[in-house]
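Listed below are the residues making up each chain.
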Amino acid sequence: MVFYFKARPEVGDYTIFMGLDKFENEELIKYGFPEDIWFHVDKMSSAHVYVRLHKGQTIDDISEGLLEDCVQLVKANSIQGNKVNNIDVVYTPWANLKKTPSMDVGQVGFHNSKMVRTVRVEKRINEIVNRLNRTKVERKPDLKAEREAVNAAERAERKLHLREKKRREELERLEKERQAEMRSYKGLMVSENMTSNKQIASGSKSLQELEDDFM
């Protein structure tokens, strides 16, 4: 089971989501999207919360309002973190999550600690948590199938771009050949390079002259 929430409308159309338990978290870690940003209460047990950014966006594109929705949701879904003030929430791109065979189910590390950001959450803001909970939708998605469908679409798009690139390169090659041919033709037609019939006639020796040369 995955829970989906809608961020505040003024920040744009963003979906925030989290797994029901550590097993769902494992699936989310495995089949995440490059646009996913992962949130967790630092040094405490909590839900794994994600926000899916728009294609082409990065962690730097997260607005203050969207960030506040995410950190409030992850704090509210931490048994210990929900009880205390002034906690830290860490967040990082999904691609930076590191999973090794020795880790427990739902446990995760980082490839690069420099890509992990921290934000201080002073207290729970019920107004935000309640608003998010009113948008909550429960689904049982096939995360693997969703990821594979996206992969297939991306492969098809790359193939299309590659075909278009090859087509443009072929057109450019043909145009260069045409231009070269035109330059060559123009060179042949330059007046200095041309010989008239009169010039040919004047430059030719008569039969008598040829005989005299022979003798």
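Cut-offs used in this document
Residues numbered from 1 in each chain as written. Predicted model: local features only at pLDDT ≥ 70, side-chain atom pairs only at ≥ 80, totals over all residues. Heavy atoms only, no water. Core = buried A, V, L, I, M, F, W, Y, C linked by side-chain atoms within 4.5 Å. Buried < 20%, exposed > 50% of the residue type's maximum accessible area, 1.4 Å probe, protein only. Helix = DSSP H or I, 4+ residues; strand = E, 2+ residues; numbered from the N terminus. Arc of directions from axis to C-beta. Contact = heavy atoms within 4.5 Å. Salt bridge = Lys/Arg side-chain N within 4 Å of Asp/Glu carboxyl O. Phe/Tyr/Trp six-rings, centres within 6.5 Å; stacked < 30°, edge-to-face > 60°. Lys NZ or Arg CZ within 6 Å of the ring centre and 35° of its normal. 1 Å grid on protein atoms, 1.4 Å probe; cavity = no way out; pocket = protein on both sides within 12 Å on 5 of 7 lines; lining within 4 Å. Points joined across faces, edges and corners; volume = space filled by probe spheres on them. Nonpolar A, V, L, I, M, F, W, Y, C, P; charged D, E, K, R; others polar. Axes fitted to C-alpha atoms, helices over the stretch in contact; angles between N-to-C directions. Parallel < 35°, antiparallel > 145°, perpendicular 65-115°, else oblique. Pairing = 2+ DSSP bridges.

(A) Layout of the nonpolar core. The biggest cluster of nonpolar side chains holds 29 residues, and the ones touching the most others in it are Ile-16, Phe-39, Val-51, Ile-62, Leu-66 and Val-89. Listed by contribution, the elements that provide at least two residues to this core are strand 1 (2–6), strand 2 (15–19), strand 3 (36–41), strand 4 (49–52), helix 2 (64–76), strand 5 (87–93), strand 8 (117–121) and helix 3 (126–134). No other element matches helix 2, which puts six residues into this core.

(B) Quick look at helix 3. All of the buried residues along helix 3 are Ile-128, Val-129 and Leu-132. An end-on view of helix 3 places all buried positions within 95 degrees of arc, on one side of the element. Seen from the open side of helix 3, the exposed residues pointing more than 90 degrees away from its buried face are Glu-127 and Arg-134. Packed against the buried residues of helix 3 are strand 1, strand 2 and helix 2.

(C) Structural detail: the pattern of salt bridges. Within this structure, the stated rule accounts for 16 salt bridges. The network of salt bridges with shared partners includes Arg-8, Glu-68, Asp-69 and Arg-131.

(D) Broad picture of the environment of Lys-136. Inspection of the secondary structure assignment puts Lys-136 in the loop between helix 3 and strand 9 (137–139). Residue classification places Lys-136 among the partly exposed residues on the basis of a relative accessible area of 38%. With sequence-adjacent residues up to four places away left out, Lys-136 is seen in contact with Phe-3, Tyr-4 and Phe-5.

(E) Spatial organisation of the environment of Gln-80. Its location among the elements puts Gln-80 in the loop between helix 2 and strand 5. Along the sequence, Gln-80 and Ser-45 sit 35 residues apart, while their C-alpha atoms lie 7.2 Å from each other.

(F) View of the packing of aromatic side chains. All chains considered together, the criterion is met by four aromatic pairs. On the numbers, 5.4 Å between centres and 10 degrees between planes, the contact of Phe-17 with Tyr-50 is stacked. Taken together, the residues span a long stretch of sequence, with Phe-17 in strand 2 and Tyr-50 in strand 4 at a distance of 33 residues. Taking relative accessible area as the criterion, Phe-17 reaches 4% and is therefore assigned buried. Ring pairing ties together the aromatic residues Tyr-4, Phe-17 and Tyr-50, which thus form one cluster. Lying across the ring of Phe-33, Arg-52 places its NZ or CZ 3.8 Å from the centre. The ring of Phe-3 has Lys-136 sitting right over it, with the charged end atom 5.0 Å from the ring centre.

(G) Inspection of the layout of surface pockets at higher detail. Roughly 280 Å³ of volume is contained in the largest pocket. If you go around the largest pocket, you meet 18 residues; those closest to its centre are Asn-25, Ser-45, Ser-46, Ala-47 and His-48. Listing elements by their share of the lining of the largest pocket, those giving two or more residues are strand 2 and helix 1 (22–30). Considering only residue class, the lining of the largest pocket consists of six nonpolar, 10 polar and two charged. The calculated volume of the second largest pocket comes to roughly 150 Å³. Forming the boundary of the second largest pocket are Glu-64, Leu-67, Glu-68, Val-71, Gln-72, Val-119, Arg-120, Val-121, Glu-122, Lys-123 and Ile-125. Every element with two or more residues in the lining of the second largest pocket is listed here: helix 2 and strand 8. The dominant element in the lining of the second largest pocket, judged by the number of residues it contributes, is helix 2, at five residues.

(H) Representation of the packing of helix 2 against helix 3. Where helix 2 meets helix 3, the axes come as close as 9 Å, and the angle between the chain directions of the two elements is 90 degrees. Viewed along their axes, helix 2 and helix 3 adopt a mutual orientation that is roughly perpendicular. Packed against helix 2, whose contacting residues are Glu-68, Asp-69, Gln-72, Leu-73 and Ala-76, the element helix 3 presents Ile-128, Val-129, Arg-131 and Leu-132 at the interface. Its residues assigned to classes, the contact of helix 2 with helix 3 shows five nonpolar, one polar and three charged.

(I) Examining the sheet that holds strand 5 more closely. Strand order in this open sheet of seven strands is 8-5-3-4-2-1-9, and the pairing throughout is antiparallel. Looking at the sheet topology across the chains shown, the edges are occupied by strand 8 and strand 9. Sheet twist, expressed as the average angle between the axes of neighbouring strands with direction ignored, equals 25 degrees. Helix 1 rests against strand 1, strand 2 and strand 4 of the sheet, and its axis sits at about 130 degrees to strand 2.

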